[in-house]
Amino acid sequence: MKLGILLASRLKERRKALKMSQKELAEGICKQGQISRIENGEYTPGSELLYALSRKLRVSMDYFFDEQVQDEKNELENFRLVAENFISQRDYSSLKYLYNLESKSSSHLSLSDKMYLEWIQTLVLFYCDNNKLEAVSKLEKLIKEKNISEINYLRFSNTLFNFYYDIDDLNQFNEIRDNLEKRVNNLIIHTIEELELSIKFNYNISRYLWLQNNVEDALNKISETIRICKRYRSNYLLADLYLLLGNASASFGNIDEVRDYYTKAKFLYNLDGNQEMSLKVEHYIAEKLMSN
């Protein structure tokens, strides 16, 4: 099959599988007409546009061109899409409801999917049920599984990294941080999932540096991570990064620059449909910055 035809077919099939219109796929990326031309085999996009489309469709770029890539629908695909949205918005009550529904109905899952579902369970236990030690114990055992993939290892370790900090186990926190930093720094990014895990880990490092009053290092790490987002044209956690940049700069930065960071965060939260965070930032700007 010619590459242009394969690309057109894969793009259209994936878009329809996600119940997404051409207009919705194009929004924020390109013109709707370009999507139509790609799907009709009339236009082959450049790498930057194709990367942006692959991110929105949550597939690797290989998906569009490699005939060996299987097009079978993952049993947990829809669950993952919704769960990741709840996690990004820290809506753990909704995540718990979704998990309870899925855990009752899922059967014959692959090993990777079973591990993913167990990871979701640890998030629910820790953040929603307040069973923090049980969540830590389950996640520690999950990470020791022999058949764990590299991507799951990074995902689970990043969560455990957060858990250790929240329960004030700083010895384990620092140990896992060193290990994760080495693996993330050596990670060759091929997929959206790998990119987002890298951004998430760097965001977490930035946040903890700020919480420990290591402001200069925090600002450097935040700026570095924002550059990664821009390099890959990704909005993933970009709102949180600008909010953190505003927080870290608030005590000594130029008031106009700080206001600009918060305004960018507010805009991006609106873009992501996170109205709760958008309103919080808006109120902060009105109460704390406009009065200065």
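Further up the page is the structure itself.
Residues numbered from 1 in each chain as written. Predicted model: local features only at pLDDT ≥ 70, side-chain atom pairs only at ≥ 80, totals over all residues. Heavy atoms only, no water.

**With respect to the overall build of the chain**
Right, so step 1: Helix and strand counts for the chain come out as 15 helices and zero strands.
Right, so step 2: Counting only C-alpha atoms and orienting by the principal axes, one finds that the chain spans roughly 55 × 45 × 35 Å.
Right, so step 3: Residue burial in the chain is summarised as follows: out of 292 residues, 45% are buried.
Right, so step 4: Taken as a whole, the chain presents about 16100 Å² of accessible surface, with 46% of it coming from carbon and sulfur. (Helix = DSSP H or I, 4+ residues; strand = E, 2+ residues; numbered from the N terminus. Buried < 20%, exposed > 50% of the residue type's maximum accessible area, 1.4 Å probe, protein only. Areas by Shrake-Rupley, 256 points an atom, 1.4 Å probe, with all protein chains shown as cover.)

**Some thoughts on helix 7 (residues 111–128)**
For an α-helix, 3.6 residues make a turn, and residues three or four places apart therefore share a direction.
Right, so step 1: In this model helix 7 runs 25 Å from its N-terminal to its C-terminal C-alpha over 18 residues, within 8% of the 26 Å that 1.5 Å per residue would give.
Right, so step 2: Among the residues of helix 7, Asp113, Met115, Tyr116, Leu117, Trp119, Ile120, Thr122, Leu123, Val124, Leu125 and Phe126 are the ones counted as buried.
Right, so step 3: Asn130 occupies a position one or two residues after helix 7 and carries a positive phi of about 60°. (Expected span 1.5 Å × (residues − 1).)

**Description of empty space enclosed by the protein**
Right, so step 1: Summed over all chains, the structure comprises one cavity of 30 Å³ or more.
Right, so step 2: There is about 30 Å³ of room inside the largest cavity.
Right, so step 3: Forming the boundary of the largest cavity are Tyr51, Ser54, Val59, Ser60, Met61, His190, Thr191 and Ile192.
Right, so step 4: Considering only residue class, the lining of the largest cavity consists of four nonpolar, four polar and no charged. (1 Å grid on protein atoms, 1.4 Å probe; cavity = no way out; pocket = protein on both sides within 12 Å on 5 of 7 lines; lining within 4 Å. Points joined across faces, edges and corners; volume = space filled by probe spheres on them. Nonpolar A, V, L, I, M, F, W, Y, C, P; charged D, E, K, R; others polar.)

**Comments concerning the pattern of salt bridges**
Right, so step 1: Under the criterion given, the structure shown has 13 salt bridges.
Right, so step 2: A salt bridge links Lys96 to Asp129; the shortest N-O distance between them is 2.8 Å. In this pair, Lys96 is assigned in helix 6 (residues 92–105) and Asp129 in the loop between helix 7 and helix 8 (132–143), connecting sequence segments 33 residues apart.
Right, so step 3: We note a salt bridge from Arg177 to Glu181, for which the minimum N-O separation is 3.6 Å. Taken together, the residues span about one helical turn, with Arg177 and Glu181 both in helix 10 (residues 170–185) at a distance of four residues. (Salt bridge = Lys/Arg side-chain N within 4 Å of Asp/Glu carboxyl O.)

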